[in-house]
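The residues making up each chain are set out below.
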Amino acid sequence: MYSLLFLVLTLNLFAINWTNPSVEDFEQLQSNLKNSQEKYLDCLATKKSGAGFWPPRRDNYKNFTFVRDGQYDKDVNIMSFGDNPKKVAVCSYWSFNWRRKGKGLDYFLAQRIRQLKAVHYDGDFIYQVGGFPNISAGDLKLYDVPYSFKLAMIRKIKSLGYKKVLWLDGIINARRNFDKYWDQLETTPALLMTSPWKMKDFCHEHVKYYTNLTEKELNEVILYDSGIMGLNLEDPRIIKSLSDWYDFALIKHPFFSSFPEQLPLCIALFRNKVPIKGRVWRNFFKFNYRTIK
């Protein structure tokens, strides 16, 4: 009896507060990722079927950092640019271990703000550094689902009442004003990046199993990248796709592949017959591949 009571007290002592986590909670989650024994973990590192491995994605997962020096954003930050009559939002999330080309997140965050001003963006920029998006709705339970922070951030944006959202990876640069980008979401509710790869070359058996993906679907689903992702949050097909994407995240296993969040997202969009344009982004954005000095 006393052993059982001790066990209950111990479990409560180390239980995570999922909707109001402490620094210690986040440190425990970081430790969980560092020591993850997820059976599909190595699938994150698979570069291409039969073509070796690309470890950084797996390593980034294990080293994901929610809190640094006791600091993290407890909720999203909202920066307004103009009056935002279209009720639109550009959004991004950075973990503390995010780094590209020798520069940390501070550099890219400042660059994003400068560029939005330079192209006369009329809307809100919503971002978060550390912590996890949409914690109040319980999305922190997706902490060990690779790249699910994109889904959680979009769910947060939707809950705030925005009509359209544009997710931008940290390394994306704005080329020119993108008011017309929002207009295109009226007729085509999803604007993504066309991938040069084929779904069937990267879809592991466990992904097919946990998403109930048939061989016919496997050959029909088009693979898109999600580094630039525009969604019309008022379109019922997008709303249902987000719900299906979230259901896949709750299962967790469908997100362990070379393209963690993309495969389940593309399956959801395909099944809900969402019209998608994959090359529009080239008119408005570009990847920052140039050397940073």
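Model, not experiment: these values are computed from the prediction.

What counts and what doesn't
Residue numbers here run from 1 along each chain, matching the order of that chain's written sequence. Per-residue local features of the predicted model are confined to residues with pLDDT of at least 70, and side-chain atom pairs are confined, for both listing and counting, to 80 or more; whole-chain, interface and lining totals are unaffected and use all residues. As a convention, hydrogens and water are excluded, and side-chain values are obtained from all of the structure's heavy atoms. Note: two strands are recorded as paired if DSSP finds a minimum of 2 bridges between them. Secondary structure elements are taken from DSSP: a helix is a run of H or I of four residues or more, a strand is a run of E of two residues or more, and numbering for both begins at the N terminus. Whether two residues are in contact is decided by their heavy atoms, any of which lying within 4.5 Å being enough. Axis lines are fitted to C-alpha atoms, over the contacting stretch for helices. Their N-to-C directions set the angle, which ranges from 0 to 180 degrees. Side-chain rings of Phe, Tyr and Trp (the six-membered ring for Trp) are treated as a pair once their centres are within 6.5 Å; stacked means planes under 30 degrees apart, edge-to-face means over 60, and tilted covers the remaining angles. For the exposure calls, accessible area comes from a 1.4 Å probe over protein chains only, and a residue counts as buried if that area is under 20% of its type's maximum, exposed if over 50%, partly exposed in between. Criterion for a charge above a ring: Lys NZ or Arg CZ within 6 Å of the ring centre, and within 35 degrees of the ring normal. What we call a nonpolar core is a set of buried Ala, Val, Leu, Ile, Met, Phe, Trp, Tyr and Cys residues that are connected through their side-chain atoms within 4.5 Å. The predictor attaches a confidence to each residue, and that confidence, scored 0 to 100, is pLDDT. Here the angle decides the label: under 35 degrees means roughly parallel, over 145 means roughly antiparallel, 65 to 115 means roughly perpendicular, and every other value means oblique. Handedness of a crossing is defined here by the sense of rotation of the near helix relative to the far one, left-handed for an anticlockwise turn of less than a right angle and right-handed for a clockwise turn. In this classification, Asp, Glu, Lys and Arg are treated as charged, Ala, Val, Leu, Ile, Met, Phe, Trp, Tyr, Cys and Pro as nonpolar, and every other residue, Gly included, as polar. Salt-bridge detection follows one rule: a side-chain nitrogen of Lys or Arg within 4 Å of a carboxyl oxygen of Asp or Glu.

Colleague: Hey, could you run me through the sheet that holds strand 10 (residues 276-277) in this one?
Modeller: In spatial order, the strands read 1-5-2-6-9-8-10; together these 7 strands make up an open sheet with mixed pairing. In the strand order of this sheet, the two ends are held by strand 1 (77-81) and strand 10, each with one partner. Both strand 8 (residues 190-194) and strand 10 contribute to a ladder of 2 bridges, which runs parallel. Across the sheet, L191 pairs through a bridge with K277, a residue of strand 10. The sheet contacts of helix 11 (residues 262-271) involve strand 8, strand 9 (224-232) and strand 10, and relative to strand 9 the element is tilted by about 45°.

Colleague: Sorry, what's going on with the packing of aromatic side chains here?
Modeller: The relative placement of two aromatic rings is captured by the distance of their centres and the angle of their planes. The tally for this structure, following the rule as stated, stands at 28 aromatic pairs. Judged by centre distance (5.3 Å) and plane angle (25°), the ring pair of Y121 and F178 falls under stacked. Here the residue Y121 occupies a position in the loop between helix 4 (105-118) and strand 5 (123-129), and F178 occupies one in the loop between strand 7 (172-174) and helix 6 (179-187), the gap between them amounting to 57 residues. Exposure class is identical for Y121 and F178. Each is buried. An aromatic cluster is built from W18, F26, F64, F66, Y72, Y93, F132, Y143, Y147, F149 and W167, whose rings are joined through pairwise contacts. The cationic tip of K87 hangs over the ring face of Y162; the distance from NZ or CZ to the ring centre is 4.4 Å. When the ring centre of Y246 is taken as origin, the NZ or CZ atom of R155, which lies over that ring, is 3.8 Å away.

Colleague: Would you mind showing me how to read the pairing of strand 2 (residues 88-94) here?
Modeller: Regular strands show a simple pattern: their side chains alternate between the two faces of the sheet. Counting buried positions along strand 2 gives 7 out of 7 residues, so the element sits mostly inside the fold. A two-sided burial pattern is seen for strand 2, the buried positions comprising V88, V90, S92 and W94 on one face and A89, C91 and Y93 on the other. As judged from the 4 bridges shared by strand 2 and strand 6 (residues 164-168), these two strands associate in the parallel manner. Within strand 6, the residue paired with C91 across the bridge is W167. Inspection of the sheet shows strand 2 paired to strand 5 by 6 bridges, in the parallel sense.

Colleague: Would you mind going over the nonpolar core with me for this structure?
Modeller: Among soluble globular proteins, nonpolar side chains are generally buried collectively. Among the nonpolar cores identified, the biggest contains 96 residues, and F178, Y181 and F285 are the most heavily contacted of them. Sequence-distant contacts of F178, defined by excluding residues within four places in its chain, comprise V90, L116, V119, Y121, L166, F284 and F285.

Colleague: Sorry, what's going on with unusual backbone geometry here?
Modeller: Most of the time, phi is negative for any residue but glycine, and the peptide bond is trans. Positive phi, normally seen in glycine, also occurs at K87, with a value near 55°. Look at K87 and you get partly exposed, because its relative accessible area is 30%. Positive phi outside glycine occurs at K273, with the angle close to 55°. On the secondary structure map, K273 appears in the loop between helix 11 and strand 10. Note on K273: relative accessible area 67%, which makes it exposed.

Colleague: Hey, could you run me through the environment of F149 in this one?
Modeller: For F149, the position within the fold is in helix 5 (residues 148-159). Here the alpha-carbon distance between F149 and A249, two residues 100 residues apart in the chain, equals 10 Å. Beyond its immediate chain neighbours, meaning those up to four positions away, F149 contacts F64, Y93, F132, P133 and W167.

Colleague: How should the confidence of the model for the protein be read in this particular structure?
Modeller: Averaged over the protein, the pLDDT score is 90; the fraction of residues at 70 or greater is 90%. Across residues 1-13, where pLDDT falls below 50, the model places 0 contacts with residues more than four positions away in sequence or in other chains.

Colleague: Would you mind showing me how to read the packing of helix 5 against helix 10 (residues 236-251) here?
Modeller: The relative placement of two packed helices is expressed as an angle between their axes plus a distance between the axes. Where helix 5 contacts helix 10, the axes come no closer than 11 Å and their chain directions differ by 140°. If you check the angle between helix 5 and helix 10, you find them oblique. Handedness of the helix 5/helix 10 crossing: left-handed. For the pair formed by helix 5 and helix 10, the contact residues are L151, I154, R155 and K158 on the first element and I239, L242, W245, Y246 and A249 on the second. A per-class count over the contact of helix 5 with helix 10 returns 7 nonpolar, no polar and 2 charged.

Colleague: Any chance you could explain the pattern of salt bridges here in plain terms?
Modeller: Two side chains that carry opposite charge are able to pair once their charged atoms sit near each other. Under the definition given, this model contains 16 salt bridges. Between R58 and D59 there is a salt bridge, with the nearest N and O atoms lying 3.9 Å from each other. Among the ionic pairs, K208 bridges to E205, the shortest N-O distance being 2.7 Å. Linking K208 with E205, this pair stays in helix 8 (residues 205-211), spanning 3 residues, or about one helical turn. Of the residues examined, K208 reaches a relative accessible area of 10% and is grouped as buried. A relative accessible area of 58% means that E205 is categorised as exposed.

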